[in-house]
Amino acid sequence: MIADPHNDALPTKDAAAQEPMAGDLAVWAQDIHKTYRTSSVSTPVLGGVDLAIPAGQCAFLAGPSGSGKTTLLSILGCILSADSGTIRVLGHDLMRLDEDGRIAMRRNHIGFVFQRFHLIRGLTVLDNVCVPLTLRGVPMPQAQERARRLIEAVGLAEKVHAHPRSLSAGQCQRVAIARALVGEPKIILADEPTASLDAANGQEVMALFRKLTAEEGKTAVVVTHDQRIFPFADRVFHLENGHVVQTGQPNALVHV
Amino acid sequence: MWSLAIHTLIADRGKLLTALVGVVFSIVLVNVQGGLFIGLIRKAGLLVDQGQADVWVGHRQMHNVDFPRDIPRRWVHRIRTIPGVHRAEPYLVGFADMTLPSGGFEGVVVVGVDRASLLGNAWNLVEGRPDAILQPDGIILDECENQKLENPKIGELREVGGRRARVVAKSQGIMGFLVAPYIFTTYDRAADYLAKTPDMCSYFLVQLEPGARADEVCQAIRRVLPEVDAFPRDEYSRISIDFWMTRTGLGISFGAATLLGLLVGMIMVAQTLYALVLDRLGEFGTLKAIGATERQVYSVLLIQAFLMAVVGAIIGLVLVSGIQFFYSTPRAPIVVPWWLSLGSCVLVLVICLVSSWLPYHRIRKLDPMMVLQS
Ligand SMILES: Nc1ncnc2c1ncn2[C@@H]1O[C@H](COP(=O)(O)OP(=O)(O)OP(=O)(O)O)[C@@H](O)[C@H]1O
Ligand SMILES: [Mg+2]
């Protein structure tokens, strides 16, 4: 095992006694289990995952394909619910949220960046970035003003009225990053944000992502295969067969 | 939500157009088809609608203006004594044959009008004057029947019911529901053409004093003359129309054809709306993933269906008035009453809104997890 200076910060099983303070840890998860069940088969994916990510840090989830990274990220993002365990994100006990609560959590507190961007085809860059605010009922002029600021921040000022299909993959992912940030969520979740981009673009997009999240002191959780972007992480969790097998700082892990 | 709905709707022009065509098609179909039908069936009440009488008095159980039964003409005096009656005149309606230059005959409906008042005479004359029927053998024909009557000219002589008739004036647009053209002449001459004694007539046309109520006068007339029926103009017109509606399958067949067309148009709309949603299932998944509630997703669908219905209806109604303007003729009048337009719009709107709920379960089942699985 590689020495991990943060390891001692992990709460013990006695969660009630050592409940982390909200300002301390943005994500705190313990003993998460998840099994996909269909009528005929059940696929155990997560078999007791522990996770602690201090607020303002950028954590990567790495590991081989099928190790459950996306599953874990979905659970943190309230898209999926765990079978058992304790999960607190930004001080919210996710296990206690009902469907409406999970939707509200996604809408109000979490920003998402997806591998395939998932921009809305018919909308311009500006309108795409406005979507999260629209969902919250922010009036259009206000939403547009904030969206414009973020589009500028991701370097696409001259593309505000362009449609996603006229943008390159790298530009699309920047739009997606702007969309994830526009609602000022405290935590950003990204699933393979660079997997659809070439190496150079991937580096650029990650640099931008890091810069913007760090500036605002946001917590970020990034799922990736891509070792080349590990240097952008504050720490990396390695998943294998549904367990976190290594936790450490990226420079230590890059050479594993 | 509105901008989201509008922009995503416009983004897919092909589908949008298909759906719009469906809406427009349905609106045009219902209004034109319905308008033609109403235009056609209203002709059955034409004589009543245009006859200048406030109240029509005829034989008991009278049910169609073109098929009257005889009543004694002298009863007109008793009607004239009823309070509220300003004027009452006898009126004659019946069938006769007219000779044609080619040697054939054409059945005509002879209408006999009181000489003094000309009450119930032909209207909308394009040649000659209404009182021309006072000239010897004078009759008024309609221009629209030129073909049937082999182009009668003013001054031309014909025979009606074996008697001389001279064309003295021509109207435009008096075409009834029957194949037989109307010809207007004086009461006595009409009786002659119809081979009736002038002491029997078909109707009494009654004009009311200002302020008198038609239904009250009708009741009074029925009290005084138990053998007759009396109806206000609108009611007798409706009775005449109902005669054809109920005694022939006309209403049903026209209605069924219209409904079938409507169905086709609406299936087009429903199917396109559904396809639009299926096409963008991924985007709805994205919306759900980033925190859209089911309600918000539906509101997008509803807004889109609503817009489609409204825009399509407006375009459709504009087309309908164009078609009406250019293609409505006295032979095939297109009469589009406001309730037909309004009704068709409401129907289309309802169907659009309902069909936007068709993909309900698809959206419901939509797992936001899909956006994370590439
Ligand atoms: N909806 C599902 N139903 C059943 N099994 C699933 C489902 N989603 C994922 N799995 C399975 O769960 C396991 C973990 O999937 P997951 O997507 O979390 O892995 P991953 O680490 O993100 O992999 P990758 O790097 O390929 O994206 C895989 O074996 C996958 O086949
Ligand atoms: Mg994955």
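Here's a quick rundown of the structure. The shown structure was predicted, so the numbers you read here are calculated from the model rather than taken from an experiment.

## Structural notes on helix H1 (residues 69-76) of chain A
And then number 1: Most of H1(A) is tucked away, with eight of its eight residues classed as buried.
And then number 2: Once H1(A) ends, the next one or two residues include Cys78(A), with phi positive near 65°.

## Regarding the sheet that holds strand S5 (residues 92-93) of chain A
All names here are of chain A.
And then number 1: The sheet built from four strands is open, its strands ordered S2-S1-S4-S5 with antiparallel pairing. A strand with exactly one partner marks an edge of an open sheet, and here the two such strands are strand S2 (42-54) and S5.
And then number 2: Looking at chain direction, strand S1 (residues 25-37) and strand S4 (residues 84-89) are connected through five bridges and run antiparallel. Of the residues in S4, the one forming a bridge with His33 is Ser84.
And then number 3: Strands in contact with H1 are S1, S2 and S4; relative to S2, the strand with the most contacts, it is inclined by about 60°.

## Quick word on the packing of aromatic side chains
All names here are of chain B.
And then number 1: This structure, assessed with the given rule, holds 20 aromatic pairs over all chains.
And then number 2: For the pair Trp56 and Tyr236, a centre-to-centre distance of 6.0 Å together with 35° between the ring planes defines the contact as tilted. One end of the pair, Trp56, is in strand S1 (residues 55-59); the other, Tyr236, is in helix H7 (residues 233-247), and 180 residues separate them in sequence. In this structure, Trp56 and Tyr236 share a single accessibility class: buried.
And then number 3: Linked through ring pairs, Trp56, Tyr91, Tyr203, Phe231 and Tyr236 together constitute an aromatic cluster.
And then number 4: Geometry around Tyr187 places Arg73 over its ring, the cationic atom sitting 4.1 Å from the centre.
And then number 5: One cation-aromatic arrangement involves Arg222 over Phe231; the distance from NZ or CZ to the ring centre is 5.5 Å.

## Quick notes on the pattern of salt bridges
And then number 1: This structure, assessed with the given rule, holds 27 salt bridges over all chains.
And then number 2: Lys15(B) serves as the salt-bridge partner of Asp279(B), at 3.1 Å between the closest nitrogen and oxygen. Here Lys15(B) lies in helix H2 (residues 13-42) and Asp279(B) lies in helix H8 (residues 250-279), a separation of 264 residues in the sequence.
And then number 3: Across the pair Asp188(B) and Arg73(B) runs a salt bridge whose closest N-O atoms are separated by 3.8 Å. Pair noted here: Asp188(B) is in helix H5 (residues 187-193) and Arg73(B) is in the loop between strand S2 (71-72) and helix H4 (76-80), with a separation of 115 residues, a long-range link.
And then number 4: The exposure class of Asp188(B) is partly exposed, given its relative accessible area of 43%.
And then number 5: For Arg73(B), a relative accessible area of 24% puts it in the partly exposed group.
And then number 6: Each of Lys34(A), Arg37(A) and Asp83(A) takes part in one network of salt bridges that share partners.

So, how was this worked out
- Residues numbered from 1 in each chain as written.
- Chains lettered and ligands numbered in written order.
- Predicted model: local features only at pLDDT ≥ 70, side-chain atom pairs only at ≥ 80, totals over all residues.
- Heavy atoms only, no water.
- Buried < 20%, exposed > 50% of the residue type's maximum accessible area, 1.4 Å probe, protein only.
- Helix = DSSP H or I, 4+ residues; strand = E, 2+ residues; numbered from the N terminus.
- Pairing = 2+ DSSP bridges.
- Contact = heavy atoms within 4.5 Å.
- Axes fitted to C-alpha atoms, helices over the stretch in contact; angles between N-to-C directions.
- Phe/Tyr/Trp six-rings, centres within 6.5 Å; stacked < 30°, edge-to-face > 60°.
- Lys NZ or Arg CZ within 6 Å of the ring centre and 35° of its normal.
- Salt bridge = Lys/Arg side-chain N within 4 Å of Asp/Glu carboxyl O.

Read these as spatial facts, not as claims about activity.
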